[in-house]
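Now for the letters of each chain:
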Amino acid sequence: MAEGTAKKQDAGADTQDLTDGFHLIIDALKLNGLNTIYGVPGIPITDFGRMAQAEGIRVLSFRHEQNAGYAAAIAGFLTKKPGVCLTVSAPGFLNGLTALAHATTNCFPMILISGSSEREIVDLQQGDYEEMDQLAIAKPLCKAAYRVLHAQDIGIGIARAIRSAVSGRPGGVYLDLPAKLFGQVMNAEAGKKSLVKVIDAAPAQIPAPDAIKRALDVLKGAKRPLIILGKGAAYAQADDAIRQFVEKSGVPFLPMSMAKGLLPDTHPQCAGAARSTVLKDSDVVMMIGARLNWLLSHGKGKTWGDAPKKFIQVDIEPKEMDSNVEIVAPVVGDIGSCVAALLNAMGSKWGVPPAEWTNAVKAKREENVAKMAPRLMNNNVPMDYHGALGVLRTIVKERPDAILVNEGANTLDLARGIIDMYKPRKRLDVGTWGIMGIGMGQAIAAAVETGKPVLAVEGDSAFGFSGMEVETICRYNLPVCIVIFNNNGIYRGTDVNKASSDPATTVFVVGARYDKMMEAFGGVGVNATSPDELKRAVNAAMDSGKPTLINAVIDPAAGSESGRIGNLNPQSALKKK
Ligand code: ADP
Ligand code: TPW
Ligand code: MG
């Protein structure tokens, strides 16, 4: 009997090998190398999860679909294969939908598979169990949405979902599987034939030679060039070519948050510590897998200074060009192919940028690094952000293979600036939307997909959005060390409500002990009040690989409103008037 098939006795004497929707979905996923599912069980997908596990798929059960979805999204970023999230109908689907929208926004390939109720009842709005027209709701939030009604279409449905997620600009795909589909039976042989192994799911997109020449001409003419590497460049897994290109060009580079480590932050050309200078003073900027969105002030305004600028953009999405400012040299293609073509066309006589510029960038960078150094070595109790992050910075330097997950406001902005990264795709964070709540989902997927130890540096508020997943981390015994920067609240723990006895909207229970949460599930909990205690606890956790949560007590007055983006608060516009 073929794998994944059920033998059924006909009423007559002859027997026929049959398969069903359950097994066809499992076989289709496995055939395409999708061997991990992140989800939450329930009607109508409980048995599917059990069967998938029995058939060798790793099925990780979460406590909330949103966290499973964030896990799937980041699995997509890390592996270039769609991360799969599995949910029940209506409420489970909606819980997973935030993560699907997040994946689409961040250009991560992901497939949200949700069970759904009876089509006939949903469409007549007759009030089925968890009734909802999920396909219609998912559509505006993802790249593509499909529904499979018949077992013989499962192979095609999953193939379409995979292609849509990973080809071109990657993103989220919704796959709607009505309850009835799972139990549909069909001939096993015909079922096997109906499955599709997707060939070349993300075909190379070769840039036009003219576009390459135009880009290099602009770059060559620059007096003060800058390369900005974004998370699309990290996603592309063209690490060697990118490094060669940057080094051969001699151009200072600025990594966006999740592109840190593509080249080490300590690389002589890294301009991370001279960010405002290079954005303001550069005359030609080449973006590789980075968008000119709010994170880069849309390519204009004070951040970019008065000097006229020319932009070169390397991206797989043609519509991205000119989205915010004019792009004088668009290079459309996949980053691996584009960077290879650039390298090739540079030839052997490529000159480096004027020393006046590269020396100015270097001087600014050294000045800023020197200014920061003493603050990172402070031993204040209670700890401030710099004292605590100084310790974590050294730990990451000593353990460059570890994956850093990071969310919060001050906890995010300061950690991003202070903790140097040394290898590609080791820094995972809040992404394009600045989402709180990605932490535990990302930590779990990072551990599962890479097998490397994970250090999650979390604001106390940020952690709260996905905190219950510490049970998941303990249940699967994952090598995750969570450090909570506990400043008693959002941005600061010092706000006072003068109008009533209710606490202010941004403060939490004073002196909370998040470490006890971890102990409740058999993990290691530590309360750390000094940089020394923090260092010892993190090192012990990283050495042992035991699930650990460290409650790092941070001075509640140390942070600032909204971290580095306080200027985006509407109130700050009023104050300026
Ligand atoms: P960051 O937030 O790091 O600045 P963004 O998410 O804004 O990065 O931009 C990533 C860009 O990378 C997107 O415009 C996306 O189309 C592009 N991209 C993603 N993968 C590839 C790839 N393989 N080749 C080319 N471009 C890619
Ligand atoms: C899904 C708004 C941005 S940052 C933040 C919130 C609630 C928490 C900051 O406090 P934290 O960090 O984590 O304790 P720190 O070090 O400054 O004290 N809901 C979502 N996403 C966002 N971004 C918010 C709310 C927000
Ligand atoms: Mg906080």
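Above: the structure in question.
Note that residues are indexed from 1 along each chain, following the sequence as it is written. Lettering of chains starts at A and numbering of ligands starts at 1, both following the order in which they are written. Two thresholds apply to this predicted model, a pLDDT of at least 70 for residue-level local features and 80 or more for giving and counting side-chain atom pairs, whereas whole-chain, interface and lining totals are computed over all residues. Derived side-chain values reflect all non-hydrogen atoms in the structure, with water molecules and hydrogen atoms excluded from consideration.

Engineer: Could you clarify how one ought to interpret the site of ligand 2 in this entry?
Structural biologist: Note on definitions. A residue lies near a molecule or strand when any single heavy atom of the residue is within 4 Å of it. In the region of ligand 2, 16 residues are neighbours, and Y385, N410, T411, G434 and D460 sit closest. Here a polar contact means two N or O atoms within 3.5 Å. Within protein one must be a hydrogen donor candidate and the other an acceptor candidate, and residues neighboring in sequence count only if both atoms are side-chain atoms. Between an oxygen atom of ligand 2 and a side-chain N or O atom of T411, the distance comes to 2.6 Å. Within the contact set of ligand 2, an oxygen atom lies 3.0 Å away from a backbone nitrogen or oxygen of G489. Out of a free accessible area of 590 Å², ligand 2 has 75% covered by protein chains. Of all the secondary structure elements, the ones that give two or more residues to the shell around ligand 2 are α17 (410-418) and α19 (460-464). To qualify as a helix, a DSSP run of H or I must reach at least 4 residues; to qualify as a strand, a run of E must reach at least 2; elements of each kind are numbered from the N terminus. Sort the elements by how many residues they give to the shell around ligand 2 and α19 lands first, with three residues. Its residues placed into classes, the shell around ligand 2 shows seven nonpolar, eight polar and one charged. Here the open area of atoms and residues is found with the Shrake-Rupley method and a 1.4 Å probe, where only the protein chains shown may cover a residue. Under the convention adopted here, Pro, Cys and the residues Ala, Val, Leu, Ile, Met, Phe, Trp and Tyr are nonpolar, Asp, Glu, Lys and Arg are charged, and Gly plus all remaining residues are polar.

Engineer: Just to check I follow, could you spell out the coordination of the magnesium ion (ligand 3) for this structure?
Structural biologist: Each pair of donors in an ideal octahedron of six around a metal sits at 90 or 180 degrees, and each pair in an ideal tetrahedron of four sits at 109.5 degrees. Nitrogen, oxygen and sulfur within 2.8 Å of a metal are treated as its donors, or within 3.2 Å for sodium, potassium and calcium (Na, K, Ca); water is not counted, so a site can appear incomplete. Coordination of the magnesium ion (ligand 3) by the protein involves D460 (OD), N487 (OD1) and G489 (O), with metal-donor separations of 2.0 to 2.1 Å. Residue D460 is classed as buried on the basis of its relative accessible area, which comes to 3%. Only protein chains enter the area calculation, which uses a 1.4 Å probe; residues under 20% of their type maximum are buried, those over 50% are exposed, and those in between are partly exposed.

Engineer: Explain the sheet that holds strand β11 (residues 253-255) here, please?
Structural biologist: Working definition: the strands of a sheet are paired by backbone hydrogen bonds and lie parallel or antiparallel to each other. Within the open sheet, the five strands sit side by side as β11-β10-β12-β13-β14. Their pairing is parallel. A single partner strand is all that each edge strand has here, and the edge strands are β11 and β14 (329-332). On average, adjacent strands in this sheet sit at an angle of 15 degrees to one another, irrespective of strand direction. Pairing between strands is defined by DSSP: at least two bridges between them are needed. Bridging between strand β12 (residues 284-288) and strand β13 (residues 310-315) involves five bridges; their strand directions are parallel. Paired with I288 across the two strands is V314, which belongs to β13. Interaxial angle, 0 to 180 degrees, is taken between N-to-C directions of lines fitted to C-alpha atoms, where a helix line uses only the stretch in contact.

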